[in-house]
Amino acid sequence: MIKLERMKFRYIFFKVALLCIVLTFIACKEKSQPVSQEVKKEMVRAEEITLTKAQLDNAKLSFTQLQEKMLPVEINLNGKVFTPASEKISVHVPMSGYIKSLPWIQGMSVRKGQVIAVVEDLAYLQIQQDYLQALSALEMAEGEWNRQKQLLTTKATSEKSNLEAKNNYQRQKIEVAALRQKLKLIHIDPSVLSSEKLSSTIQLHSPVNGYVQTVNSNLGDYVSPQNELLTLVAVNELMVSLNAFEKDLAGLKTGQTVIVTSPGTVGKQYPAVVTQLGKSVNGQGNVEVVCKVKGGLGLIEGQFVTGKLTLQTGMASCLPEKSLVHFEGKEFVFLREGELKFTMVEISAGVRNNDWVQMQNTVDLKGKEVVVDGSYTLLMALKNVAE
């Protein structure tokens, strides 16, 4: 019986203790609720500041409103220097032979008309010999035809003999003309050729002012017309290929001015002009923009460059750059709400150019006076109030 009463007492004690705990928790929750609301109100008030008349006079604030401006956009496009096919020359021999002289290494400059290679072969002598012999035979054939014409006038020869002499003269004339062109093709002047001036070598001359891009043969190599000896690049014209994003394509057009810079030529700027826009978008979402560089001395093919272009956009609602304040990684402006009261509002900035910034959240700013000079003074004052 006593044991049963003890169990009953413990059960009542447990219920009373549990009731006390619940009542304590409810009381704590009711007390914490006003504190949370008070903090929230304080946070709201932290975005607003009211100055005294003396503080306003010392702050020397100036104001503006949203302004509509034509805001150009500057974009930087990356790309490479390249040489158009018309400015890149592959040097080949016109007729097979052995390389006797090839004094070039990559990057060396060449002048137009300068000897860039000497090639030697007995076949060159044979062509010269054939030409001189054909020239001599032509003189004999011409003399014989003239003699036959004179004899024909006196009926001392037949018409057949006259025609044979004429045909022989024509054949020799054709052969001489063909050999003369062959000599010109291998860079031998037939007008100065004689039995005392025969050479087993020919010279190759540079057709442009430029530099040697690659050397593909060695001294002593036997080369044919299919083998490339050198690759020359003319310095007359350089091009750059820039990669533009598809979204910027609408603002690009031929004739636009581009300022090209390169890490390899620090401090130098090269003016260029857009000459061609790509007709397709590649897998990375880029469109090729081809530009012609004016006076690209110092740039070389394959060099990485950056091109700066200015795109014209439509009218935009803007504020001066100095009206913005930066705080905790965001941008804000101060709006005048009364003579002494100001509110800090977060803004969404768009395009920036020439100390003006496009405002994208214009609804919050239309018709409002925005602080320009003294905006950071207000920010410091607001932070002190919040603390």
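Residues numbered from 1 in each chain as written. Predicted model: local features only at pLDDT ≥ 70, side-chain atom pairs only at ≥ 80, totals over all residues. Heavy atoms only, no water.

Draft legend 1. The environment of Gln65, seen in detail. Take Gln65: it is sitting in the loop between β2 (63-64) and β3 (67-70). Sequence separation between Gln65 and Gly367 is 302 residues, and the spatial gap between their C-alpha atoms is 6.8 Å. Filtering out sequence-adjacent residues up to four positions away, Gln65 remains in contact with Cys318, Leu319, Gly367, Lys368 and Glu369. (Helix = DSSP H or I, 4+ residues; strand = E, 2+ residues; numbered from the N terminus. Contact = heavy atoms within 4.5 Å.)

Draft legend 2. Layout of the packing of helix α3 (residues 122-153) against helix α4 (residues 159-185). Where α3 contacts α4, the axes come no closer than 8 Å and their chain directions differ by 155°. Here α4 runs roughly antiparallel to α3, going by the angle between their axes. Judged by the sense of rotation from one axis to the other, the crossing of α3 with α4 is left-handed. Classifying every residue of the contact of α3 with α4 gives 14 nonpolar, six polar and 10 charged. (Axes fitted to C-alpha atoms, helices over the stretch in contact; angles between N-to-C directions. Parallel < 35°, antiparallel > 145°, perpendicular 65-115°, else oblique. Left-handed = near helix turned anticlockwise from the far one by under 90°. Nonpolar A, V, L, I, M, F, W, Y, C, P; charged D, E, K, R; others polar.)

Draft legend 3. Quick peek at the pairing of strand β12 (residues 228-234). Most of β12 sits out of view: six of its seven residues are buried. As paired strands, strand β5 (residues 88-92) and β12 are joined by five bridges and run antiparallel to one another. For Ile89, the partnering residue across the bridge sits in β12 and is Leu232. In the sheet, strand β10 (residues 210-215) pairs with β12 via five bridges, with the strands oriented antiparallel. When the bridges of β12 are listed, Thr214 appears paired with Thr231. (Buried < 20%, exposed > 50% of the residue type's maximum accessible area, 1.4 Å probe, protein only. Pairing = 2+ DSSP bridges.)

Draft legend 4. Seen up close, the sheet that holds strand β14 (residues 257-261). On the basis of which strands lie adjacent, the closed barrel formed by six strands has the order β4-β13-β16-β15-β14-β17 and antiparallel pairing. On average, adjacent strands in this sheet sit at an angle of 40° to one another, irrespective of strand direction.

Draft legend 5. The packing of aromatic side chains, seen in detail. Under the defined criterion, the tally for this structure stands at three aromatic pairs. Aromatic side chains Phe63 and Phe342 sit 6.4 Å apart centroid to centroid with 5° between the ring planes, which places their arrangement in the stacked category. With a gap of 279 residues between them, Phe63 in strand β2 and Phe342 in strand β21 (residues 341-346) connect regions that are remote in the sequence. Judged by its relative accessible area of 27%, Phe63 falls in the partly exposed class. Classification of Phe342 as buried rests on a relative accessible area of 0%. (Phe/Tyr/Trp six-rings, centres within 6.5 Å; stacked < 30°, edge-to-face > 60°.)

Draft legend 6. Seen up close, the sheet that holds strand β11 (residues 222-223). Across the sheet, four strands lie side by side as β9-β8-β6-β11; this open sheet has antiparallel pairing. The sheet terminates laterally at β9 (201-205) and β11, the two strands that pair on one side only. Bridge count between strand β6 (residues 97-101) and strand β8 (residues 115-120): three bridges; the pairing is antiparallel. Bridging from a neighbouring strand, Tyr98 pairs with Glu120 of β8.

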